[in-house]
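In case you want the letters, here they are:
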Amino acid sequence: MGIGRRRPTAGATRTAGAARAAGAARTSGAARTSGAARASRAAGVAAVALAVTAGTIGTAGAVGAAPDGDGDARRPGVNRLEGVWQTNGYGILVEVHGTAFTTYDVTRVSCTPGFFSGAQVGAPGRDGTVRYGQSGKAYASSSLTPRGRDRAVYQEDGAASARDLTRLPGGLPAQCRQPAPQDALSAFDRFWATFEENYPFFAAKGIDWRAKGAQARAGITPQTSTDDLQKIIVDLLEPLGDAHTALGRKRPGGGYTGVFGGLRPGTAEPTDEVREQAARAVAAQLLAPERTFGQGRLGVGELPGGIGYLRVSAFDGYVEDGPYQDHAAELDKALDLLLAHPERLNGLVVDLRLNGGGSDRLGLRIASRLTDRPFLAYRKVARNDPADPTGFTRPQPSVVRPAVGTTRYTGPVALLTAGSTVSAGETFTQAMAERRPAPVRIGENTQGVFSDIMFKPVSADLVAVLPNEKFLTRSGSTFDGPGIPPNVRTPVFTPEELGQGRDSALTEARRLLSAGGTAAPGTADAAAAAAAGPR
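Residues numbered from 1 in each chain as written. Predicted model: local features only at pLDDT ≥ 70, side-chain atom pairs only at ≥ 80, totals over all residues. Heavy atoms only, no water.

**A few points about the environment of Gln-230**
Cut-off, in case you're wondering: Helix and strand definitions here come from DSSP, where helices need a minimum of 4 consecutive H or I residues and strands a minimum of 2 consecutive E residues; each element is numbered from the N-terminal end. The contact criterion used throughout is that any non-hydrogen atoms of two residues lie within 4.5 Å. Whenever a nitrogen or oxygen atom comes within 3.5 Å of another N or O atom, the pair is scored as a polar contact, on the condition that within protein one atom can donate a hydrogen and the other can accept it, and that pairs from neighbouring residues in sequence are kept only if both atoms are in side chains.
Within the element layout of this structure, Gln-230 appears in helix α6 (residues 226–237). Sequence separation between Gln-230 and Phe-260 is 30 residues; the distance between their C-alpha atoms is 9.3 Å. Not counting chain neighbours up to four residues away, the residues in contact with Gln-230 comprise Leu-247, Arg-249, Val-259 and Leu-462. For Gln-230, the side chain forms a polar contact with the side chain of Arg-249, separated by 3.0 Å.

Written out as C-alpha cells, the structure is:
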C-alpha cells in the first residue's frame, strides 16, 4: 500500500507503516517503515518518512570503510572509517567523523542534509566492521565492513542485500557545506532531479519525465507557495500509479503527515471495516481462534484436514521498539507453534492478502523454515547512473538456506495474495516461487512494488519517497507494475464475499491442498511472463 508500507525493516523499520508512522514516525531507517498500514495512505506516507530514522531506506545510514590492507584496521577497537563515502547508486554521501555519521542526499543540481544520522555502537570488530545505531537508540541496526582501503559494504540488519561504498577523494563537496536554497524553484529542481536520476520505471509506465517536468517547472514563480508546490509535485507523482511513491509534509509539532501516496490503478486500500470483516471470514473456517504474535501482525491457526494456517499482515512491527533480532525472535515464536509437528501437516496456507510490507529478510526467514534445500530467491539491482536509466548495479543474489536447529516443513503450500499484498509481501511471494515444490498462488495479482524506498528531502517542509531498485527473476525479468499473478484467480474480500461471510480464496486453498495437488504453479519466470501478458 503506499509508501509507508514497505520496508522499514523490522527493527530498523523498512518503510511501511503508514498508519503507524503517520502518527508517530518511527522510521526504519530504511525504507520500508513499518508496516501494516492501517490508517490512511496519505498519513502512511508521511508517517513512513518520519518513522524512518536510521538506515534502511536507500540511504546509507552509516558508512565508512576501514582499509583491509592496514594492520591497524585489523586490530579490535580501531575505527578507520573517518572520511566521506559515496554509495553505488542511491544518491547518498556519508560523512563519518569519530563515532558519528551524517548523510547527504545528492543530485546533479543539489546536495542537502539527508534524512538519517546515527552513532557507533561498541568497538570495531577484528575485521574492521563498525556497528551503527539510529540517533536516540541504544541498539545497533546496521554495519559497515571494509573491503580494501577505499571501499566498504553497508548492511542493514533487516535488509536482504548490502550496498557498496567508495571513499570520496577530497572529502565533502563544497556544495554540501552550504545551506541549500529553499525557494520553490530550487525545491522543485531537487525533487525532479531525484526522480530523474533514481526512478527505474519511467519507460515501463510510458512517462516522459523530462517533458512533464519542463511543463510543471514553467509554472513556478517566486510567488509559488508550499501549497502550490505540493500540488505540482502530486500532479507529477499520481500518473506513475506506484505505491512506493509518496509525499510527506512537515507537521508543526514535528514529524510528517502524508499528503499523497501512490497506488496501482484499479486497486483500493483496505479499510478498517474490511480488515475486521476479512478476519471474521477467515475465522469461520479455522478450527479454533488463531493465536496471534508480533503485536497482532502474525496469526497461527489450523484448518480442517490437517492444514496449517499462517497469517502475515506485515514483515515488521513485531515489537514496539527493538533491533531486527527482536523482530526475528517474535516471528520464530509463531513459526515454532505453526511447525511444532510438521509431520502432521497435510498442507500449509500462508495468507499475505493484507500484507503491508516490511523487512525482506524476515520473509526469507519464513522461507528458510519451508525448505530442505537452498534456492535462489531473487537478484537485486539498483539504478546507479544518473544519466542513464538503463544503468544498474551488478545483480546481488539472495539465497534461501534451510533453517538449522529447528523444525522445517517441506510439503504443499498455498499462498493467498491480493492487490493489498505489497512490497516485502511481494518479495516473499517471488522468493517462494522458486521453492520446490512450488506453492500455488491463489487470489489476485500483488501490488507490483518491490524496491526498498528512499526518503529524500525536497524542501524544509516536504519529503519525497521513491523506489530505485528491481528484484529480478532468474531470467532478469521483474514483476514491477502488474505484480505477481495468481495461479488460481478468485475474489478477494469483495463486498459481495464479505457480505455473505465467504472467503473463496481460502476455500480454494483448502480444496487444492486436501486433494494433494498445487495446480502446477511453475517458476517465477513463467509467472513474470504471465504478468506481462502478450507483447
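**Looking at the nonpolar core**
What counts here: Put simply, buried Ala, Val, Leu, Ile, Met, Phe, Trp, Tyr and Cys residues joined by side-chain atoms within 4.5 Å make one nonpolar core. Three exposure classes are used, based on accessible area relative to the maximum for each residue type with a 1.4 Å probe and protein chains only: buried under 20%, partly exposed in between, and exposed over 50%.
With 43 residues, the main nonpolar core has Leu-310, Val-312, Phe-315, Val-350, Ile-366 and Phe-428 as its most contacted residues. Of the residues forming this core, the biggest block, six residues, is contributed by helix α8 (residues 324–338). Not counting the four nearest positions on each side in its chain, Val-350 is found in contact with Leu-310, Val-312, Val-413, Ala-414, Leu-415, Leu-416 and Phe-428. Of all hydrophobic cores here, the second largest spans 42 residues; its members include Tyr-154, Trp-209, Ile-233 and Val-458.

**Remarks on the packing of helix α3 (residues 184–198) against α6**
Keep this limit in mind: Axis lines are fitted to C-alpha atoms, over the contacting stretch for helices. Their N-to-C directions set the angle, which ranges from 0 to 180 degrees. Angles below 35 degrees are treated as roughly parallel, those above 145 as roughly antiparallel, those between 65 and 115 as roughly perpendicular, and all remaining angles as oblique. Working rule for handedness: look at the near helix, and if it is turned counterclockwise from the far one by less than a right angle, call the crossing left-handed; if clockwise, right-handed. Here the nonpolar group is Ala, Val, Leu, Ile, Met, Phe, Trp, Tyr, Cys and Pro; Asp, Glu, Lys and Arg are the charged ones; every other residue, Gly included, is treated as polar.
In the contact formed by α3 and α6, the axes pass within 11 Å of each other and the chain directions differ by 20°. By the angle between their directions, the pair α3 and α6 is classed as roughly parallel. In the crossing of α3 with α6, the sense of the turn from one axis to the other is right-handed. Together, Ala-184, Ala-187, Phe-188, Phe-191 and Phe-195 of α3 and Leu-229, Ile-232, Ile-233, Leu-236 and Leu-237 of α6 make up the contact between the two elements. For the contact of α3 with α6, the per-class residue count stands at 10 nonpolar, no polar and no charged.

**Side note on the pairing of strand β9 (residues 151–156)**
Side chains on a regular strand alternate between the two faces of the sheet. Just so we agree on the cut-off: Strand pairing follows a simple DSSP-based rule, namely that at least 2 bridges must link the two strands.
Two elements, strand β8 (residues 142–146) and β9, share five bridges in a ladder whose sense is antiparallel. Within the sheet, the bridge partner assigned to Ser-143 lies in β9 and is Gln-155. Taking the residues between adjacent antiparallel strands as the criterion, β8 and β9 are bridged by four residues, where Gly-148 takes a positive phi near 95°. In terms of strand pairing, β9 meets strand β10 (residues 162–167) through five bridges, oriented antiparallel. Each residue of the ladder has a partner; that of Arg-151, found in β10, is Thr-166. Count of turn residues in the β9/β10 antiparallel hairpin: five residues.

**Description of the sheet that holds strand β11 (residues 246–250)**
On the basis of which strands lie adjacent, the open sheet formed by four strands has the order β12-β11-β22-β21 and antiparallel pairing. The sheet is open, and its two borders are formed by β12 (256–261) and β21 (453–457), each paired with just one other strand. Sheet twist, expressed as the mean angle between neighbouring strand axes with direction ignored, is 25°. The pairing of β21 with strand β22 (residues 462–467) spans five bridges and is antiparallel. What sits directly across from Pro-457, in β22, is Val-463. Lying on the sheet, α3 is in contact with β21 and β22; it crosses β22 at an angle near 10°.

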